[in-house]
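Structure assessment
Here is how the chains run, residue by residue.
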Amino acid sequence: MIDTAFFITSFVTLFVIIDPIGLTPLFVALTQGMSVKQRRAIAIRATLVSAGILALFAIFGEALLGFIGISMAAFKIAGGILLLLTALDMLFQRRTKRREDTAEEDDDLDDPSVFPLAIPLIAGPGSIATVILLAGAHPGFSGLGLSLAVMVLVLLVTFIFFEAATPLERLLGKTGINVVSRLLGMLLAALAVQFMLNGLRDFGLLGIAPT
(Lines give C-alpha, C1' and ligand atoms only; values in the text may rest on other atoms or scores of the structure.)
Protein backbone atom coordinates (compact mmCIF):
# COMPACT_ATOMS: atom_id res chain seq x y z
CA MET A 1 0.00 0.00 0.00
CA ILE A 2 1.31 3.44 -0.92
CA ASP A 3 2.14 5.68 2.04
CA THR A 4 0.25 8.74 0.81
CA ALA A 5 1.48 11.08 3.55
CA PHE A 6 5.11 10.12 2.90
CA PHE A 7 4.63 10.50 -0.86
CA ILE A 8 3.12 14.00 -0.53
CA THR A 9 5.74 15.15 1.99
CA SER A 10 8.54 13.78 -0.18
CA PHE A 11 7.16 15.44 -3.29
CA VAL A 12 6.81 18.82 -1.58
CA THR A 13 10.31 18.60 -0.09
CA LEU A 14 12.05 17.74 -3.36
CA PHE A 15 9.90 20.18 -5.33
CA VAL A 16 10.88 23.02 -3.01
CA ILE A 17 14.55 22.07 -3.13
CA ILE A 18 14.75 21.83 -6.92
CA ASP A 19 12.43 24.84 -7.24
CA PRO A 20 11.23 24.57 -10.88
CA ILE A 21 9.54 27.97 -10.61
CA GLY A 22 12.79 29.65 -9.65
CA LEU A 23 14.71 27.74 -12.34
CA THR A 24 12.36 28.78 -15.12
CA PRO A 25 13.69 32.34 -15.70
CA LEU A 26 17.26 30.99 -15.53
CA PHE A 27 16.38 28.40 -18.15
CA VAL A 28 15.04 31.20 -20.34
CA ALA A 29 18.25 33.19 -19.83
CA LEU A 30 20.52 30.23 -20.59
CA THR A 31 18.61 29.36 -23.77
CA GLN A 32 18.05 32.90 -25.01
CA GLY A 33 17.87 33.13 -28.79
CA MET A 34 17.34 29.39 -29.26
CA SER A 35 14.44 27.82 -31.13
CA VAL A 36 11.66 25.91 -29.41
CA LYS A 37 13.16 22.64 -30.69
CA GLN A 38 16.60 23.48 -29.28
CA ARG A 39 15.11 24.48 -25.92
CA ARG A 40 13.16 21.22 -25.74
CA ALA A 41 16.30 19.17 -26.47
CA ILE A 42 18.22 21.00 -23.73
CA ALA A 43 15.35 20.53 -21.27
CA ILE A 44 15.23 16.78 -22.02
CA ARG A 45 18.98 16.34 -21.59
CA ALA A 46 19.05 18.36 -18.36
CA THR A 47 16.23 16.36 -16.76
CA LEU A 48 17.64 12.99 -17.87
CA VAL A 49 21.15 13.74 -16.61
CA SER A 50 19.87 15.04 -13.27
CA ALA A 51 17.55 12.02 -12.97
CA GLY A 52 20.49 9.66 -13.42
CA ILE A 53 22.57 11.47 -10.79
CA LEU A 54 19.76 11.63 -8.23
CA ALA A 55 18.78 7.99 -8.83
CA LEU A 56 22.37 6.86 -8.18
CA PHE A 57 22.45 8.70 -4.86
CA ALA A 58 18.99 7.45 -3.90
CA ILE A 59 20.06 3.83 -4.53
CA PHE A 60 23.64 3.85 -3.26
CA GLY A 61 23.72 6.93 -1.03
CA GLU A 62 22.91 5.16 2.25
CA ALA A 63 25.38 2.35 1.50
CA LEU A 64 28.05 4.95 0.82
CA LEU A 65 27.29 6.64 4.14
CA GLY A 66 27.59 3.29 5.93
CA PHE A 67 30.89 2.58 4.18
CA ILE A 68 32.44 5.81 5.47
CA GLY A 69 30.90 5.38 8.93
CA ILE A 70 28.10 7.98 8.92
CA SER A 71 24.80 6.93 10.50
CA MET A 72 21.48 7.78 8.87
CA ALA A 73 20.49 9.72 11.99
CA ALA A 74 23.58 11.93 11.67
CA PHE A 75 22.87 12.46 7.99
CA LYS A 76 19.28 13.44 8.77
CA ILE A 77 20.52 16.16 11.11
CA ALA A 78 23.20 17.35 8.67
CA GLY A 79 20.73 17.22 5.78
CA GLY A 80 18.17 19.14 7.81
CA ILE A 81 20.72 21.86 8.52
CA LEU A 82 21.60 22.04 4.82
CA LEU A 83 17.92 22.31 3.86
CA LEU A 84 17.40 25.00 6.51
CA LEU A 85 20.27 27.05 5.07
CA THR A 86 18.73 26.64 1.62
CA ALA A 87 15.37 27.81 3.00
CA LEU A 88 16.99 30.90 4.53
CA ASP A 89 18.64 31.66 1.19
CA MET A 90 15.24 31.42 -0.50
CA LEU A 91 13.57 33.65 2.09
CA PHE A 92 16.21 36.36 1.71
CA GLN A 93 16.63 35.89 -2.06
CA ARG A 94 20.31 34.94 -1.75
CA ARG A 95 19.68 31.66 -3.60
CA THR A 96 18.23 33.38 -6.66
CA LYS A 97 21.18 35.78 -6.84
CA ARG A 98 23.68 32.92 -6.58
CA ARG A 99 21.91 30.97 -9.34
CA GLU A 100 21.85 34.05 -11.56
CA ASP A 101 25.59 34.51 -11.00
CA THR A 102 26.18 30.87 -11.99
CA ALA A 103 24.13 31.35 -15.13
CA GLU A 104 26.01 34.54 -16.04
CA GLU A 105 29.39 32.88 -15.56
CA ASP A 106 28.46 30.14 -18.04
CA ASP A 107 26.28 32.01 -20.52
CA ASP A 108 28.89 31.51 -23.23
CA LEU A 109 28.27 27.76 -23.35
CA ASP A 110 26.39 26.48 -26.42
CA ASP A 111 24.75 23.63 -24.47
CA PRO A 112 23.94 24.41 -20.82
CA SER A 113 21.99 21.17 -20.29
CA VAL A 114 24.64 19.32 -18.24
CA PHE A 115 26.29 22.36 -16.67
CA PRO A 116 24.92 24.45 -15.12
CA LEU A 117 21.33 23.17 -15.55
CA ALA A 118 21.62 19.49 -14.55
CA ILE A 119 24.58 20.16 -12.23
CA PRO A 120 24.35 22.03 -9.92
CA LEU A 121 21.02 23.80 -10.50
CA ILE A 122 18.81 20.66 -10.52
CA ALA A 123 21.00 17.91 -9.04
CA GLY A 124 22.80 20.05 -6.49
CA PRO A 125 23.86 19.37 -2.88
CA GLY A 126 20.36 20.08 -1.56
CA SER A 127 18.52 17.72 -3.91
CA ILE A 128 21.17 15.00 -3.51
CA ALA A 129 20.90 15.20 0.28
CA THR A 130 17.11 15.13 -0.01
CA VAL A 131 16.90 11.95 -2.12
CA ILE A 132 19.27 10.16 0.28
CA LEU A 133 17.13 11.25 3.24
CA LEU A 134 13.89 10.22 1.55
CA ALA A 135 15.25 6.83 0.45
CA GLY A 136 16.46 6.18 4.00
CA ALA A 137 13.21 7.24 5.65
CA HIS A 138 11.54 3.95 4.68
CA PRO A 139 14.14 1.16 4.40
CA GLY A 140 13.60 -1.47 1.76
CA PHE A 141 12.46 -1.55 -1.84
CA SER A 142 9.11 0.10 -1.09
CA GLY A 143 10.73 3.24 0.33
CA LEU A 144 13.29 3.35 -2.48
CA GLY A 145 10.56 2.87 -5.07
CA LEU A 146 8.48 5.69 -3.61
CA SER A 147 11.51 7.97 -3.49
CA LEU A 148 12.39 7.25 -7.12
CA ALA A 149 8.76 7.80 -8.13
CA VAL A 150 8.76 11.16 -6.35
CA MET A 151 12.04 12.11 -8.03
CA VAL A 152 10.69 11.22 -11.49
CA LEU A 153 7.47 13.16 -10.84
CA VAL A 154 9.31 16.29 -9.65
CA LEU A 155 11.68 16.17 -12.63
CA LEU A 156 8.69 15.72 -14.94
CA VAL A 157 7.12 18.84 -13.44
CA THR A 158 10.47 20.61 -13.89
CA PHE A 159 10.51 19.62 -17.56
CA ILE A 160 6.95 20.90 -17.97
CA PHE A 161 7.98 24.22 -16.43
CA PHE A 162 10.91 24.41 -18.85
CA GLU A 163 8.54 23.72 -21.74
CA ALA A 164 6.26 26.54 -20.57
CA ALA A 165 9.14 28.81 -19.56
CA THR A 166 8.38 31.84 -21.71
CA PRO A 167 4.60 32.15 -21.09
CA LEU A 168 5.02 31.31 -17.38
CA GLU A 169 7.64 34.01 -16.94
CA ARG A 170 5.28 36.53 -18.53
CA LEU A 171 2.38 35.35 -16.34
CA LEU A 172 4.14 35.49 -12.96
CA GLY A 173 6.62 38.26 -13.60
CA LYS A 174 9.66 38.87 -11.41
CA THR A 175 7.51 39.86 -8.42
CA GLY A 176 5.34 36.76 -8.67
CA ILE A 177 8.36 34.46 -8.83
CA ASN A 178 9.88 36.18 -5.77
CA VAL A 179 6.64 35.77 -3.79
CA VAL A 180 6.31 32.08 -4.66
CA SER A 181 9.98 31.42 -3.85
CA ARG A 182 9.63 32.99 -0.40
CA LEU A 183 6.49 31.01 0.39
CA LEU A 184 8.27 27.81 -0.63
CA GLY A 185 11.23 28.87 1.52
CA MET A 186 9.01 29.09 4.62
CA LEU A 187 7.63 25.63 3.92
CA LEU A 188 11.11 24.21 3.39
CA ALA A 189 12.31 25.68 6.70
CA ALA A 190 9.60 23.76 8.57
CA LEU A 191 10.44 20.55 6.72
CA ALA A 192 14.14 21.02 7.50
CA VAL A 193 13.41 21.34 11.21
CA GLN A 194 11.34 18.14 11.01
CA PHE A 195 14.29 16.29 9.44
CA MET A 196 16.55 17.45 12.29
CA LEU A 197 13.99 16.42 14.92
CA ASN A 198 13.74 12.99 13.29
CA GLY A 199 17.51 12.63 13.43
CA LEU A 200 17.62 13.63 17.11
CA ARG A 201 14.81 11.18 17.83
CA ASP A 202 16.75 8.40 16.11
CA PHE A 203 19.68 9.20 18.38
CA GLY A 204 17.30 8.99 21.38
CA LEU A 205 18.00 12.61 22.33
CA LEU A 206 14.36 13.70 22.50
CA GLY A 207 13.26 11.26 25.16
CA ILE A 208 11.86 8.92 22.49
CA ALA A 209 13.55 5.60 21.87
CA PRO A 210 14.65 5.17 18.26
CA THR A 211 12.46 2.83 16.22
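Residues numbered from 1 in each chain as written. Predicted model: local features only at pLDDT ≥ 70, side-chain atom pairs only at ≥ 80, totals over all residues. Heavy atoms only, no water.

Describing the overall build of the protein
To keep it simple, the criterion reads: Elements are defined by DSSP. Helices are runs of H or I of four residues or more, strands are runs of E of two residues or more, and each kind is numbered from the N terminus. Only protein chains enter the accessibility calculation, which uses a 1.4 Å probe; a residue whose area is less than 20% of its type maximum is buried, one above 50% is exposed, and one in between is partly exposed. What makes two residues a contact is simply this: any of their non-hydrogen atoms within 4.5 Å.
In terms of regular secondary structure, the protein is built from nine helices and zero strands. Starting at the N terminus and walking to the C terminus, you meet the elements of the protein as α-α-α-α-α-α-α-α-α. Across the 211 residues of the protein, 45% fall into the buried class. Put simply, of all contacts in the protein between residues at least 6 apart along the chain, 86% involve residues at least 24 apart.

Notes on the packing of aromatic side chains
Applicable threshold: Pairing of aromatic side chains here covers Phe, Tyr and the six-membered ring of Trp, requires ring centres within 6.5 Å, and sorts the geometry by plane angle: under 30 degrees stacked, over 60 edge-to-face, intermediate tilted.
For the structure on display, the rule yields three aromatic pairs. Taking 4.3 Å as the distance between ring centres and 5° as the angle between the ring planes, the aromatic pair formed by F27 and F162 counts as stacked. Of this pair, F27 sits in helix 2 (residues 20-30) while F162 sits in helix 8 (residues 141-163), and the two are 135 residues apart along the sequence. In this structure F27 comes out as buried when scored by relative accessible area, which is 1%. Through a chain of ring-to-ring contacts, three or more aromatic side chains come together here, namely F11, F15 and F161.

Bear in mind that shape data such as this cannot, by itself, settle questions of function.
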